[in-house]
Amino acid sequence: ATKNGLVPVVVSAEVGEQLLRAVEADPTLEITIDVERRTLEAPAIGLSVDFPLDDSVQHRFLEGLDDIGITLRNEGAITTFEQSRPAWLPTTAPA
């Protein structure tokens, strides 16, 4: 899910039920997911709970990074490595 930009918010069954009942009663209920604080909030019903999120996943979301973006953070090291490769090594993958 995280590779597709979805934040997997895991809450207890009780909180899930509370949210479902609240949304059924008011479909316009605002729910806020705060990735930085790792919280889910629905102020109208007085709900604020923490949710688990791996540090590396949180960092990716906060920095707007995907796998390519993470790789490109090392572009200088990759370029240096490629420039120092022996000439006899192939530079492209075989077709």
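For the structure, check the block above.
Predicted model only: the values in this text are computed from it and were never measured.

Q: Summarise the overall build of the protein; cite the residues concerned and give the values.
A: The secondary structure content of the protein amounts to 4 helices and 3 strands. Of the regular secondary structure in the protein, the N- to C-terminal order runs α-β-β-β-α-α-α. The C-alpha radius of gyration computed for the protein amounts to 22 Å, which surpasses the reference 12 Å derived for 95 residues by more than 25%, pointing to a less compact arrangement than a globule. Based on the C-alpha atoms only, the size of the protein along its principal axes is roughly 70 × 30 × 20 Å. If you take every contact in the protein between residues at least 6 apart in sequence, the share linking residues at least 24 apart comes to 35%. As displayed, the protein offers around 7,200 Å² of accessible surface, 56% of which is attributable to carbon and sulfur atoms. Between the centroid of the 7 positive side chains of the protein and the centroid of its 16 negative side chains there is a distance of 7 Å.

Q: Help me get a handle on unusual backbone geometry, residues and values and all.
A: The backbone phi angle of Arg 38 is positive, close to 60°, even though this residue is not glycine. Its location among the elements puts Arg 38 in the loop between strand 1 (32-34) and strand 2 (39-42). On the basis of relative accessible area, Arg 38 is assigned to the partly exposed category, the value being 21%.

Q: Tell me about the nonpolar core, and please be specific about residues and values.
A: Judged by nonpolar contacts, Val 15, Leu 19, Ala 22, Leu 29, Leu 40, Ala 42, Leu 47 and Val 49 together constitute the single largest core of 8 residues. Of all the elements, helix 1 (residues 13-25) adds the most residues to this core, at 3 residues. Those residues in contact with Leu 47 that sit more than four places away from it in its chain are Val 15, Gln 18, Leu 19, Leu 40, Glu 41 and Ala 42.

Q: Can you break down the sheet that holds strand 2 residue by residue, with the values?
A: Judged by pairing direction, the sheet is antiparallel, and its 3 strands sit side by side in the order 1-2-3 without closing on themselves. Edge positions in the open sheet fall to strand 1 and strand 3 (47-50), since each of these has one partner strand only. Adjacent strand axes in the sheet meet at a mean angle of 15°, parallel and antiparallel pairs treated alike. Two elements, strand 2 and strand 3, share 4 bridges in a ladder whose sense is antiparallel. Across the sheet, Thr 39 pairs through a bridge with Asp 50, a residue of strand 3. Contacting strand 2 and strand 3, helix 1 runs over the sheet at an angle of about 145° to strand 3.

Q: Just give me the short version of the pattern of salt bridges, but keep the residues and values in it.
A: Opposite charge on two side chains allows them to pair when their charged atoms are near. Under the criterion given, the structure shown has 4 salt bridges. Its salt-bridge partner being Glu 41, residue Arg 37 comes within 2.5 Å of it at the nearest N-O pair. Look at Arg 37 and you get partly exposed, because its relative accessible area is 47%. The salt bridge involving Asp 55 is made with Arg 38; its shortest N-O contact spans 2.6 Å. Of the two residues, Asp 55 is situated in helix 2 (residues 55-63) and Arg 38 in the loop between strand 1 and strand 2; the sequence distance between them amounts to 17 residues. Taking the relative accessible area as the measure of exposure, Asp 55 reaches 53% and is therefore exposed. Each of Asp 34, Arg 37 and Glu 41 takes part in one network of salt bridges that share partners.

The rules we used
- Residues numbered from 1 in each chain as written.
- Predicted model: local features only at pLDDT ≥ 70, side-chain atom pairs only at ≥ 80, totals over all residues.
- Heavy atoms only, no water.
- Helix = DSSP H or I, 4+ residues; strand = E, 2+ residues; numbered from the N terminus.
- Rg over C-alpha atoms; globule rule 2.2 N^0.38 Å.
- Contact = heavy atoms within 4.5 Å.
- Areas by Shrake-Rupley, 256 points an atom, 1.4 Å probe, with all protein chains shown as cover.
- Lys, Arg positive; Asp, Glu negative; His and termini not counted.
- Charge placed at Lys NZ, Arg CZ, Asp CG, Glu CD.
- Buried < 20%, exposed > 50% of the residue type's maximum accessible area, 1.4 Å probe, protein only.
- Core = buried A, V, L, I, M, F, W, Y, C linked by side-chain atoms within 4.5 Å.
- Pairing = 2+ DSSP bridges.
- Axes fitted to C-alpha atoms, helices over the stretch in contact; angles between N-to-C directions.
- Salt bridge = Lys/Arg side-chain N within 4 Å of Asp/Glu carboxyl O.

Any link to function would need more than the numbers given here.
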